[in-house]
Amino acid sequence: SQQGEEDPQALSIQEGENATMNCSYKTSINNLQWYRQNSGRGLVHLILIRSNEREKHSGRLRVTLDTSKKSSSLLITASRAADTASYFCATDGHAGGTSYGKLTFGQGTILTVHP
Amino acid sequence: DTGVSQDPRHKITKRGQNVTFRCDPISEHNRLYWYRQTLGQGPEFLTYFQNEAQLEKSRLLSDRFSAERPKGSFSTLEIQRTEQGDSAMYLCASLAGPLPETQYFGPGTRLLVL
């Protein structure tokens, strides 16, 4: 079953604009991860944020995590046409205990960046 | 290329046939995961191995599905008596402990059951 709900389901922007995607989840987690998937391809890991972290940056990516609201957001700044892909959040759901890497994915946000 | 390979990349089969997929993880990774992804959805967990031991199986994995990792290296996922509902992308991922850690996904095997 899908743990996460992602919002919006689709996002269309112009190159240079920022893109924000949101993810909500239902159960306690150990960590939350964001992945990118180009059409018909495998998933590429973008960033991992632990349950005791609130914000993390990696290049043009900024991820926030609010465990009280069970939500996360992914911000991509200064978007490029090459950022066009589906973006998924995934939770590893063993809060406070041993994580064994079983990920529960949301349904994803389809991002289209127009040149 | 993440270093995880899957074979074949595409498979078309007729309903009722058996199919087998292979995953070769990154060589030093002791954990291996299988996921299934249907069109427009996120991946769903199927099963995972630590070395050669299969430690968890999702209820999605009916008795027509079997997975093995005989020497703790590559893994196979077999589907017997395929059904049209089995059509999906089958993804393999691996990672090294200790957790939490990044999972490295293979390119997937896309199965179409006619």
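About the criteria used
- Residues numbered from 1 in each chain as written.
- Chains lettered and ligands numbered in written order.
- Predicted model: local features only at pLDDT ≥ 70, side-chain atom pairs only at ≥ 80, totals over all residues.
- Heavy atoms only, no water.
- Helix = DSSP H or I, 4+ residues; strand = E, 2+ residues; numbered from the N terminus.
- Rg over C-alpha atoms; globule rule 2.2 N^0.38 Å.
- Buried < 20%, exposed > 50% of the residue type's maximum accessible area, 1.4 Å probe, protein only.
- Contact = heavy atoms within 4.5 Å.
- Areas by Shrake-Rupley, 256 points an atom, 1.4 Å probe, with all protein chains shown as cover.
- Lys, Arg positive; Asp, Glu negative; His and termini not counted.
- Charge placed at Lys NZ, Arg CZ, Asp CG, Glu CD.
- Salt bridge = Lys/Arg side-chain N within 4 Å of Asp/Glu carboxyl O.
- Buried area = accessible area lost by both parts, 1.4 Å probe.
- Polar contact = N/O pair within 3.5 Å; in protein donor to acceptor, adjacent residues only side chain to side chain.
- Nonpolar A, V, L, I, M, F, W, Y, C, P; charged D, E, K, R; others polar.
- Pairing = 2+ DSSP bridges.
- Axes fitted to C-alpha atoms, helices over the stretch in contact; angles between N-to-C directions.
- Disulfide = S-S within 2.5 Å.
- Patch = residues over 30% accessible without salt bridge, like charges linked within 9 Å, V, L, I, M, F, W, Y side chains within 5 Å.

This brings us to the overall build of chain B. Within chain B one finds zero helices and 11 strands. Listed by position from the N terminus, the elements making up chain B come as β-β-β-β-β-β-β-β-β-β-β. Its C-alpha radius of gyration of 13 Å places chain B within 12% of the 13 Å reference for a compact globule of 114 residues. Dimensions of chain B, computed from the C-alpha atoms along their principal axes, are close to 40 × 25 × 20 Å. For chain B, the residues scored as buried account for 47% of the 114 residues in total. For chain B, long-range pairs separated by at least 24 residues make up 53% of all intrachain contacts whose partners lie at least 6 apart in sequence. Here chain B has roughly 5,600 Å² of accessible surface; of this, 45% comes from carbon and sulfur atoms. Once the 14 positive and 13 negative side-chain charges of chain B are each reduced to a mean point, those two points are 6 Å apart.

Attention now moves to the pattern of salt bridges. Applying the stated rule across the entire model yields seven salt bridges over all chains. In this structure, A:Arg60 engages A:Asp83 in a salt bridge whose closest nitrogen and oxygen atoms are separated by 2.9 Å. Remark: A:Asp83 occurs in the loop between β8 (71-76) and β9 (85-92) and A:Arg60 occurs in the loop between β6 (55-58) and β7 (61-66); sequence separation between them is 23 residues. In this structure A:Asp83 comes out as buried when scored by relative accessible area, which is 7%. Between B:Asp24 and B:Arg22 there is a salt bridge, with its nearest N and O atoms 2.7 Å apart. By relative accessible area, B:Asp24 is classed as partly exposed at 26%. Through salt bridges that share partners, B:Arg64, B:Glu83 and B:Asp86 make up one connected network.

A word on the interface of chain A and chain B. Taken together, the 23 residues of chain A in the interface contact 23 residues of chain B. Of all residues in chain A, A:Leu43, A:Tyr100 and A:Lys102 give up the largest surface area on contact with chain B, accounting jointly for 26% of the area buried on that side. Between B:Glu56 and A:Lys102 there is a salt bridge whose closest N-O contact spans 2.9 Å. Viewed at the interface, chain B and chain A are joined by five residue pairs in polar contact (both at pLDDT 80 or more). Of the residues assigned to the side of chain A that touches chain B, the class counts are seven nonpolar, 13 polar and three charged.

All names here are of chain B. Across the sheet, which stays open at both edges, the four strands sit in the order β1-β3-β8-β7 with antiparallel pairing between neighbours. Pairing within the sheet leaves two strands with one partner each, and these edge strands are β1 (5-7) and β7 (65-68). Mean inter-strand twist for the sheet, computed between neighbouring axes without regard to direction, equals 15°. Strand direction decides the pairing type here: β7 and strand β8 (residues 75-79), joined by four bridges, are antiparallel. Paired with Phe65 across the strands is Ile79, a residue of β8.

Within this structure, the stated rule accounts for two disulfides over all chains. With a sulfur-sulfur separation of 2.0 Å, A:Cys23 is cross-linked through a disulfide to A:Cys89. With the S-S bond torsion at 65°, the cross-link from A:Cys23 to A:Cys89 turns out right-handed. Of the two residues, A:Cys23 sits in strand β3 (residues 19-24) while A:Cys89 sits in strand β9, which places them 66 residues apart along the sequence. A single burial state applies to A:Cys23 and to A:Cys89, both of which are buried. In this model B:Cys23 forms its disulfide with B:Cys92; the gap between the sulfur atoms is 1.8 Å. Here the S-S torsion is close to -60°, and the disulfide linking B:Cys23 with B:Cys92 is therefore left-handed. Residue B:Cys23 is found in strand β3 (residues 19-24), and its partner B:Cys92 is found in strand β9 (residues 88-95); the two are separated by 69 residues along the sequence.

Turning to a nonpolar patch on the surface, a few remarks are in order. Residue and element names in this part refer to chain B. A surface patch of nonpolar side chains, amounting to about 300 Å² of accessible area, comprises Ile12, Leu112 and Leu114. Along the chain, the position of Leu112 falls in strand β11 (residues 109-113). Looking at Leu112, the relative accessible area reads 39%, which means it is partly exposed.

Treat this as a map of the structure, not an account of what it does.
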